[in-house]
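Residues per chain, in single letters:
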Amino acid sequence: MSARMVLLGPPGAGKGTQAARICGRLSIPAISTGDIFRANVAGATELGRRAQQYMDRGEYVPDSVTNAMVRSRLAADDAARGFLLDGYPRTEGQVHELDAILAASGLALDIVLEITADSEAVVARLLTRASEQNRADDTESVIRHRLEVYAEQTAPLAALYRDRGLLVQVDGIGAVDEVTERIMTALVPRLSARGVTA
Ligand code: AMP
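Residues numbered from 1 in each chain as written. Predicted model: local features only at pLDDT ≥ 70, side-chain atom pairs only at ≥ 80, totals over all residues. Heavy atoms only, no water.

Caption draft 1: Representation of the site of the ligand in the model. The environment of the ligand is formed by 15 residues, the closest being Thr33, Glu59, Gly87, Arg90 and Arg146. Side-chain polar atom of threonine 33 to a nitrogen atom of the ligand: 2.7 Å apart, as the coordinates give it. Side-chain polar atom of arginine 146 to an oxygen atom of the ligand: 2.8 Å apart, as the coordinates give it. For the ligand, whose accessible area on its own is 480 Å², the fraction buried by protein is 95%. Looking at the shell around the ligand residue by residue, the class counts come to five nonpolar, five polar and five charged. (Near = heavy atom within 4 Å. Polar contact = N/O pair within 3.5 Å; in protein donor to acceptor, adjacent residues only side chain to side chain. Areas by Shrake-Rupley, 256 points an atom, 1.4 Å probe, with all protein chains shown as cover. Nonpolar A, V, L, I, M, F, W, Y, C, P; charged D, E, K, R; others polar.)

Right, here's the structure in full:
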């Protein structure tokens, strides 16, 4: 059986780290739109050129660019048995686009996992990561702006998915292993209902 999942949570909540761990256990690909954009910026592709100006300011890349990229990534063979989308959807328009992409193959999302974290804790984490990884989109003012954009445009998506009965919320503050265990404990009942063993 398969699991089609979305991971929500503010920048710095540990989504990337936890996505890799969850996907390792479930043998599904972790698809991070931020990672795909960064790889395209590094490779100086046309997509990277179109995305970079927005990323550098902490703004969202326009839906027209982002949706096309996700549509083609989800068409790859490895996504047929399930996936965890990290960083998409981030706007209501993207929610509807994802619905349409899946519905075209007779599919739908199974679980939306939201990792919650207090803003000051995530600012501190992001500043540490900025100095370790030298990420241009991680200066303090850009970080604060990214959190505001998240609060305005993406946080409301949790309520939308709650209304659909898909939302699972997990507290992202704590040691990495502890948070992974919390997530797996929260996911197991939903996954086993779908015949997926974690
Ligand atoms: P992330 O690593 O997920 O925080 O993404 C880094 C940056 O990539 C974001 O600040 C946005 O500029 C861009 N980005 C990633 N995912 C999306 C998305 N779903 N929609 C728009 N922009 C995105």
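More follows now that the structure is in view.
Caption draft 2: Local environment of the packing of helix H7 (residues 140–154) against helix H8 (residues 156–163). Relative to each other, H7 and H8 sit at 30°, their axes nearing to 5 Å. Comparing their axes, H8 and H7 come out roughly parallel. Together, Tyr150, Ala151, Glu152, Gln153 and Thr154 of H7 and Pro156, Leu157 and Ala158 of H8 make up the contact between the two elements. Tallied by class, the residues present in the contact of H7 with H8 amount to five nonpolar, two polar and one charged. (Axes fitted to C-alpha atoms, helices over the stretch in contact; angles between N-to-C directions. Helix = DSSP H or I, 4+ residues; strand = E, 2+ residues; numbered from the N terminus. Parallel < 35°, antiparallel > 145°, perpendicular 65-115°, else oblique. Contact = heavy atoms within 4.5 Å.)

Caption draft 3: A look at the environment of arginine 146. If you trace the backbone, arginine 146 turns up in helix H7. With relative accessibility at 12%, the residue arginine 146 sits in the buried group. Separated by 16 residues in the primary sequence, arginine 146 and arginine 162 have C-alpha atoms spaced 23 Å apart. (Buried < 20%, exposed > 50% of the residue type's maximum accessible area, 1.4 Å probe, protein only.)

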